[in-house]
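Working through the structure, step by step
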Amino acid sequence: MKECLEAKNLSAGYDGKALLEQVTLSVRRGEIAVLIGPNGAGKSTLLKTLARQLAPVAGAVYLDGRAIHQLSGQEMARRLAIVTTERISPELMTCADVVRTGRYPYTGRFGLLSGADEAIAAAALASVHGEDLADRPFACISDGQRQRVLLARALCQQPEVIVLDEPTSFLDIRHKIEMLEILRRLVKEQQLAVVMSLHELDLAQRIADTVICIQEGGMGRIGTPEQVFDADYIRSLYQLEKGSYDPLFGGTELEAVKGAPRVFVIGGGGSGIPLYRKLQRQGVPFGAGILPRNDLDYPVAKALAAALVEVPPYQLAGEADLARARQLMERCEKVVCTVEAFGPCNDCCARLWALAGAKQADWRTL
Amino acid sequence: MNWKRIWGSYGLLLGAVAVLFLAGICVGSTGTTLPQVARILLGDSSDQAAYRIVWDIRLPRVLASAILGGMLSVSGFLLQTFFANPIAGPYVLGISSGAKLTVAVAMLVLLGQGIAISSAGMVLAAFAGALGATAMILLLSRYVRGTAMLVVGGVMIGYICSAVTDFFVTFADDADIANLHNWSQGSFSGISWANVRDMAVLAAVLLALTMTLAKPMEAYQLGESYAQSLGVNVRRFRLELIILSSLLSACVTAFAGPISFVGIAVPHLVKSLLKTAKPLVVLPACALGGAAFCMLCDLLARTLFAPTELNLSSVTAAFGAPVVIGLMVTRQSRRSQGGMAG
C-alpha cells in the first residue's frame, strides 16, 4: 500500500518558532495513526500543520507525493478533511446543513448542491448512523452526536485523509467507543488514511495501526502499539513521576501510600482490586499477599501496596513465602480477606487467614 | 431548508415592499389617492402641484429609503458573519459614526470654500471614515473576546467619532450647521433624482459583488478553520467582506446620515422568517426586508406628527432596539440551556 500523507523533517510551530522539530512520519490509506503525548507538547500544532492550517516552520508535508503547499485550496479540500476541537455553533443550521457544507469543493459559483451532492451528503450522515439527526438543529444535539455529524461532514468531502484533533474528548465512555468503532469501520470500507490525537492511552492502544509519540520538542517513538507501549517508556513520555501505568490493560493507578502497613489484605483473582484502591483513597498503607505474578490482582497490588508478598507465575507458595507473609501480617492492626473461595492454588491464603485470629476483620467495614 | 417556506417568505417580503412603496407615495401632508397617483406616475400632469409632489419629492424619497435600507441591512448581515456575532452592525460598531465624521469634515471644509460636495465626494469621504472605524474595531477585536465586549468597544468608537464631529460643528458657520444637523440625525428628506441614480448604481454593483461571496460566507459560518479546510482563501475573503460591508454602510451614511439598528434588526427578522441563515437565500431577502423596514420607518417619521418630521433614527431605534434586546435574551437563555445539556 502506498504512503498517502507524509511529513519529512517537518518543524511545526507558530510565528516562525518551532515547537516541534525533525518530525518524519507517514500514514497509509486504510490505516489509523494516533498521536499521543503530554498536554502542550504540540499534538494540535502538528495536526494543524499536516492539514495546512499552519505553515510549516521548516520541512514539508506531502499528499500522495505532492507538497501540500503546491496544491490549490480546492484540490486540498478534495483530499483532506478535518474535525477540530473548536466548538462551532452555526446559526439556524440543521445537522444535514452542516454535513452539506462538505460539498463545498465540488459545487459551483453559488454553492448549489446537485442531486448527486445531496445523495453523497445523505450517505455520509447514514455512515455515522446519523439519519435521524438530519433535521435536528446542530446547536441542540449532544456532544457525541455532534462529533458524529462533524465526522460525516468530513466524509462528505470524499477525502483520502481525515485529520481529527481529540475526537473523543468530552465524550462519555459509550460515545468514545461508538466514535472509534465508526472510524475503524470507515477507514477499512473507504480506505481512508486517518491521523488523530487521543488522550486515552487505552483507546489509542486498541485503535491505532501506528502510534506516534509527541514529546516536548519533537517526536518520540513511532511504531505499532506493541512497539510503543511499554510501562517505562510511557512513564517517561508523560513524565509520570507519581503513579503507574499498566501497558497491558492501559490502566493507570495513583501513587502508593507509603509507610508501615496497617492493614493486611488477603486477595486474589481480582477480588482485592476495589479494596486496594479504596485504601489508597483513604491514605491507609497496606500489605498484600500471597499473590502469584500472573494473578489478576497483581498489577494493582504491585502499584498500590506498601509491601507485597509475591510468588513466580504458576507456582504454589512455599513455607518460606508463608513465613514472610505471616511476619508482615503480624505487624498490621487488621487482616481482611476478599477471596470468596479457597482451593489447592491458594491454600497458603487459607492458612494465613486462619493464623490471623483476633485480627480478622470484615473488609466491607473498612 | 424548507423551500416552500423560503418562497413564501419572499412573496411576503415582495408584497410588503410593494405596499409600502405605494403607501409612501400616496400618504403625506397633501393627501393623494391611489388612482390619482397611478395617473400621475403614468404621466398625467394636469394637477401640477400633485405632480411635482409625487415626482420631485415623494418618489425619490421612497426609492432612496428602499435602496439605502436594503444596503444597510446587507451591510449588517456581512458584519454579523464576519464577527460571528448576531448583534454586530454598522451603527453599533461605530462604522456609521466614522463615516459621519469624515463626511461632516469634508462638507464643512468644502462648504467653507464655497464648493458644493458631489455624491461621489460624499461617498468617498464616508468610505474613508467607515474604513477607519472598521480598522479600529478590527484592532480591538484582536484584544477583546466575546460578543458584548466587541459591541461595547464599537459603541465607544461611535461616541468618539460623534464627539469629534460635534467639535467641528461647534466651530462651523450657522448656515452650514443647519444643513449638517439634519443630515447627521439620519434622514431621507431632500434627496434628488441624481442622488437616487447614483445610489441605485452603487447598490446594484455592491449587492452583485456581495452575492459572489455567498458561497464562502456559508463555509465561514462554520468558523475559520473549517472554511480554510474547505478551500476558502480566508484572508482574502475577510478583506473582501469587510470592504464590501464598509462600502455599503458608507453609501448609506453619505446619502442619509447614520441610521441606527436597521443593520441588526432586519437580518435577524429575515433569518427568523426564512428559518435559515444560508447567505445565498438570506442576502436578497435582507435587501428586500431592509427596503420595507426603512420605507415603513420613513413613512412613520414623516406622518406620525406631521407637519413635524421625526428623526429617522428615533423611529428605526424604536422598532430595532427591542428586536436586539429580544435577540440577546433568547441567545442567553439558549446558551444556559445548552450548558446544562452539555
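Residues numbered from 1 in each chain as written. Chains lettered and ligands numbered in written order. Predicted model: local features only at pLDDT ≥ 70, side-chain atom pairs only at ≥ 80, totals over all residues. Heavy atoms only, no water.

The next point concerns unusual backbone geometry. The amide bond that connects Gly289 of chain A to the next residue, Ile290 of chain A, takes the cis arrangement and shows omega of -5°. For Ile290 of chain A, the position within the fold is in strand S14 (residues 286-292). If you check the backbone angles, Ala84 of chain B has positive phi at about 50° while not being a glycine. Counting through the fold element by element, Ala84 of chain B comes out in the loop between helix H3 (48-83) and helix H4 (95-112). Residue classification places Ala84 of chain B among the exposed positions, given a relative accessible area of 66%. (Helix = DSSP H or I, 4+ residues; strand = E, 2+ residues; numbered from the N terminus. Buried < 20%, exposed > 50% of the residue type's maximum accessible area, 1.4 Å probe, protein only.)

The next point concerns the interface of chain A and chain B. Each partner contributes to the interface: chain A provides 31 residues, whereas chain B provides 25 residues. If you look at where chain A meets chain B, you find 1 salt bridge. Salt-bridge contacts for Glu91 of chain A lead to Lys271 of chain B; the nearest nitrogen and oxygen are separated by 3.1 Å. Taken together, chain A and chain B are joined by 8 residue pairs in polar contact (both at pLDDT 80 or more). Sorting the residues of the side of chain A that touches chain B by element identifies helix H2 (73-79), strand S6 (80-83), helix H3 (95-100) and helix H5 (143-156) of chain A as the ones contributing at least two each. In the side of chain A that touches chain B, the residues fall into 14 nonpolar, 10 polar and 7 charged. (Contact = heavy atoms within 4.5 Å. Salt bridge = Lys/Arg side-chain N within 4 Å of Asp/Glu carboxyl O. Polar contact = N/O pair within 3.5 Å; in protein donor to acceptor, adjacent residues only side chain to side chain. Nonpolar A, V, L, I, M, F, W, Y, C, P; charged D, E, K, R; others polar.)

In this section: the pattern of salt bridges. Summed over the entire model, instances satisfying the criterion amount to 31 salt bridges over all chains. Close ionic contact of Glu319 of chain A with Arg351 of chain A constitutes a salt bridge, the shortest N to O distance being 3.2 Å. Remark: Arg351 of chain A occurs in helix H13 (residues 347-356) and Glu319 of chain A occurs in helix H12 (residues 319-330); sequence separation between them is 32 residues. Given the relative accessible area of 53%, Glu319 of chain A is considered exposed. For Glu218 of chain B, the salt bridge goes to Lys278 of chain B, with nearest N and O atoms at 3.0 Å.

Now for the sheet that holds strand S16 (residues 334-337) of chain A. Residues and elements named next belong to chain A. Reading across from one edge, S15-S14-S13-S16-S17 is the order of the 5 strands in this open sheet, with parallel pairing throughout. Of all strands in the sheet, those bounded by a partner on one side alone are strand S15 (307-311) and strand S17 (360-361). Where strand S13 (residues 263-266) and S14 come together, 4 bridges link them in parallel fashion. Looking across to S14, one finds that Val263 is bridged to Phe286. Where H12 meets the sheet, it contacts S13, S14, S15 and S16, and its direction lies at approximately 165° from that of S15. (Pairing = 2+ DSSP bridges. Axes fitted to C-alpha atoms, helices over the stretch in contact; angles between N-to-C directions.)

Time to look at the side chain of Thr210 of chain B. Residue and element names in this part refer to chain B. Topologically, Thr210 is positioned in helix H8 (residues 193-212). Judged by its relative accessible area of 1%, Thr210 falls in the buried class. Residue contacts for Thr210: discarding those within four places in its chain leaves Val74, Leu78, Leu244, Leu248 and Leu283.

On to the state of the cysteines. In total, this model carries 0 disulfides over all chains according to the counting rule given. Summary of cysteine pairing: Cys349 of chain A is not part of a disulfide, and the nearest cysteine sulfur, belonging to Cys348 of chain A, is at 4.1 Å. Given the relative accessible area of 1%, Cys349 of chain A is considered buried. Not engaged in a disulfide, the cysteine Cys297 of chain B finds its nearest cysteine sulfur in Cys294 of chain B; these two sulfurs lie 6.2 Å apart. Since its relative accessible area comes to 0%, Cys297 of chain B is described here as buried. (Disulfide = S-S within 2.5 Å.)

Glancing now at a nonpolar patch on the surface. Residue and element names in this part refer to chain B. Together, Met136, Ile160, Val164, Phe167, Phe168 and Phe171 give the surface a local cluster of nonpolar side chains, amounting to about 600 Å² of exposed area. Residue contributions to the nonpolar patch peak at 4 residues, all from helix H6 (residues 147-170). Examined against the element boundaries, Ile160 turns out to sit in helix H6. Taking the relative accessible area as the measure of exposure, Ile160 reaches 48% and is therefore partly exposed. (Patch = residues over 30% accessible without salt bridge, like charges linked within 9 Å, V, L, I, M, F, W, Y side chains within 5 Å. Areas by Shrake-Rupley, 256 points an atom, 1.4 Å probe, with all protein chains shown as cover.)

Let us look at the sheet that holds strand S7 (residues 161-164) of chain A. Two pairing modes exist for strands in a sheet, parallel and antiparallel, and in both the strands are linked by backbone hydrogen bonds. Residue and element names in this part refer to chain A. Spatial ordering of the open sheet is given by S5-S4-S1-S2-S10-S9-S3-S8-S7-S6, a layout of 10 strands whose pairing is mixed. Whereas interior strands pair on both sides, the edge strands pair on one side only; in this sheet they are strand S5 (66-67) and S6. Where strand S9 (residues 210-215) meets strand S10 (residues 217-223), 4 bridges bridge the pair, whose relative direction is antiparallel. From the neighbouring strand, Val211 faces S10, where its bridge partner is Gly223. H5 rests against S6 and S7 of the sheet, and its axis sits at about 170° to S6. Seen against the sheet, helix H6 (residues 173-190) touches strand S3 (31-36), S7 and strand S8 (193-197) and runs at an angle of roughly 155° to S8.

This next bit is on the packing of helix H1 (residues 3-26) of chain B against helix H12 (residues 262-274) of chain B. Residue and element names in this part refer to chain B. Here H1 crosses H12 at 135°, and the two axes come no closer than 9 Å. With respect to H12, the axis of H1 lies oblique. Along the contact surface, H1 presents Arg5, Ile6, Ser9, Tyr10, Leu12 and Leu13, while H12 presents Ser272, Leu273 and Leu274. Here the contact of H1 with H12 is composed, by residue class, of 6 nonpolar, 2 polar and 1 charged. (Parallel < 35°, antiparallel > 145°, perpendicular 65-115°, else oblique.)

Looking down a regular strand, the side chains alternate between one sheet face and the other. All names here are of chain A. Burial of S15 is extensive: 4 of the 5 residues sit out of reach of the surface. Of the pairings in the sheet, the one linking S14 to S15 comprises 4 bridges and is parallel in character. Directly across from Gly287, in S15, lies its bridge partner Ala307. For the segment spanning S14, helix H11 (residues 298-304) and S15, crossover handedness is right-handed. (Right-handed = clockwise from strand over helix to strand, strands pointing away.)

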